[in-house]
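Coordinate inspection notes
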Amino acid sequence: MKNIVTSLFFRVLGFAYPKKAFKIQHQFHFLYHVMSFIFCVSALLFLFIQSIELVAFTPDNYFQQFEKLGIASELGTTDLELHKVVDNLVGYMQGKADNLDVTFNYQGEQVGFFNEREKSHMIDVLKLFNLASIVKTVALWLMATIFVTIVALKRKLGLLILSRTMILVAIDFVVLLLLLAFWFAIDFSSFWNFFHMLSFSNDLWLLDPDTDRMIVMLPLSFFFAFVIKIVYSIAVGFMLLLLIAAIIFLNFRENNSNAIFKKM
């Protein structure tokens with residue numbers, strides 16, 4: 001019904017003011033492209049943050065790496081004690097734990113696991129997660145708003161432009177992802193250092209394995225495995241969105257005339 005009203009509006013306007021009608025239609029097409037681009041960027045941000053949270057907030061991901069790398073023996077404790085530390089760490093990053101004052105059994109004594117430098121660094125990490133949560137919420141809101149707006153205004157043309165934009169953005173994203181994957185596959189240490197220098201305004205992330213247990217519990221090889229899981233999660237989510245976009249694009253392209261397609 002809304003498509004019929006929109007079409008009727010442009011026909012009446014075109015009959016009375018042909019130049020003005022053409023200009024408004026052109027502006028509508030431009031608006032669809034802008035909204036589609038914002039939708040795609042929002043989708044990428046949502047997938048990126050959601051994938052990081054999915055991996056970082058799942059304790060089993062930590063336990064698997066601990067067992068594989070023999071972290072418990074490196075720290076002179078047991079897997080059970082490390083599980084307690086990880087539960088506290090994950091709870092803190094999720095905002096469920098107020099502090100990192102967790103203790104563990106070390107050589108028969110209960111001692112604090114994290115020192116003050118590590119706690120200060122985790123305050124910065126928590127700020128990043130809180131900011132990411134806000135960005136994810138805004139991205140999801142933008143995606144929902146844009147999708148509803150496109151469907152309400154002119155469903156067929158809007159979805160056709162949106163799906164095509166997603167496919168084009170996907171190509172650029174895959175190239176970028178491959179370049180980043182090549183970088184951290186060749187030299188993950190420089191990639192990880194660059195990420196920290198970009199994310200933090202201090203050097204609290206530079207930890208010493210002789211004095212800081214966190215870097216012993218979470219060594220570089222641990223984060224390499226984490227990044228692989230994050231990239232895999234992003235790839236799966238993005239391929240699903242790309243598949244949906246391709247189905248929509250092919251369906252509407254076949255069901256619409258060449259005239260509508262050329263208006264893009």
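Everything numeric in this text was worked out from a predicted model, so none of it was measured. (Residues numbered from 1 in each chain as written. Predicted model: local features only at pLDDT ≥ 70, side-chain atom pairs only at ≥ 80, totals over all residues. Heavy atoms only, no water.)

Right, let's talk about the overall build of the protein chain for a bit. Looking only at helices and strands, the protein chain has 10 helices and two strands in total. Helices and strands in the protein chain line up, N terminus first, as α-α-α-α-α-β-β-α-α-α-α-α. Here the protein chain holds 264 residues, and 38% of them are scored as buried. The contacts of the protein chain with a sequence gap of at least 6 include a subset with a gap of at least 24, amounting to 74%. When the accessible area of the protein chain is evaluated, it comes to approximately 15700 Å², of which 68% is carbon and sulfur surface. (Helix = DSSP H or I, 4+ residues; strand = E, 2+ residues; numbered from the N terminus. Buried < 20%, exposed > 50% of the residue type's maximum accessible area, 1.4 Å probe, protein only. Contact = heavy atoms within 4.5 Å. Areas by Shrake-Rupley, 256 points an atom, 1.4 Å probe, with all protein chains shown as cover.)

Taken residue by residue, helix H3 (residues 59-69) has Asn-61, Tyr-62, Phe-63, Gln-65 and Phe-66 as its buried positions. Gly-70 sits one or two positions beyond H3 and adopts a positive phi of about 65°.

Here the focus is the environment of Val-169. Tracing the chain through its elements places Val-169 in helix H6 (residues 116-186). When sequence neighbours within four positions are dropped, the list of residues in contact with Val-169 reads Cys-40 and Leu-44.

Turning to the pattern of salt bridges, a few remarks are in order. Opposite charge on two side chains allows them to pair when their charged atoms are near. Applying the stated criterion across every chain, the model contains five salt bridges. Residues Lys-119 and Asp-101 are paired through a salt bridge, measuring 2.6 Å at the closest nitrogen-oxygen approach. A residue pair is termed long-range when its members are at least 10 positions apart, and Lys-119 in helix H6 and Asp-101 in the loop between helix H5 (79-93) and strand E1 (103-106) qualify at 18 residues. Note on Lys-119: relative accessible area 19%, which makes it buried. Taken together, the shared-partner salt bridges connect Asp-101, Glu-116 and Lys-119 into one network. (Salt bridge = Lys/Arg side-chain N within 4 Å of Asp/Glu carboxyl O.)

Moving on, we come to the packing of H3 against H5. Contact geometry for H3 and H5: axes closest at 10 Å, N-to-C directions at 145°. Handedness of the crossing formed by H3 with H5: right-handed. Touching Pro-59, Tyr-62, Phe-63 and Phe-66 of H3 are Leu-82, His-83, Val-86, Asp-87, Val-90 and Met-93, all from H5. (Axes fitted to C-alpha atoms, helices over the stretch in contact; angles between N-to-C directions. Left-handed = near helix turned anticlockwise from the far one by under 90°.)

This part takes up the packing of aromatic side chains. Considering all chains together, one arrives at 20 aromatic pairs under this definition. Arranged with centres 5.2 Å apart and planes meeting at 40°, the rings of Phe-57 and Phe-129 form a pair that is tilted. Remark: Phe-129 occurs in helix H6 and Phe-57 occurs in the loop between helix H2 (18-56) and H3; sequence separation between them is 72 residues. Taking relative accessible area as the criterion, Phe-57 reaches 18% and is therefore assigned buried. Aromatic side chains Tyr-62 and Phe-226 sit 5.1 Å apart centroid to centroid with 70° between the ring planes, which places their arrangement in the edge-to-face category. In this pair, Tyr-62 is assigned in helix H3 and Phe-226 in helix H9 (residues 220-255), connecting sequence segments 164 residues apart. Here Arg-213 stacks its cationic end above the ring of Tyr-106, 5.3 Å away from the centre of that ring. (Phe/Tyr/Trp six-rings, centres within 6.5 Å; stacked < 30°, edge-to-face > 60°. Lys NZ or Arg CZ within 6 Å of the ring centre and 35° of its normal.)

Right, let's talk about the side chain of Ser-51 for a bit. Topologically, Ser-51 is positioned in helix H2. Not counting the four nearest positions on each side in its chain, Ser-51 is found in contact with Ile-230, Ser-233 and Ile-234.

Let us now look at the environment of Val-34. With respect to the helices and strands, the residue Val-34 is situated in helix H2. Sequence separation between Val-34 and Thr-165 is 131 residues, and the spatial gap between their C-alpha atoms is 9.7 Å.

This next bit is on the confidence of the model for the protein chain. In the predicted model, the protein chain carries a mean pLDDT of 83, and the fraction of residues at 70 or more is 84%. A low-confidence stretch, residues 1-24 stays under pLDDT 50, and its non-local contacts, those more than four residues away or across chains, total 13 contacts. Predicted confidence is poor over residues 257-264, with pLDDT under 50, and the contacts of this stretch with residues over four places away or in other chains come to 11 contacts. (pLDDT = per-residue confidence, 0-100.)

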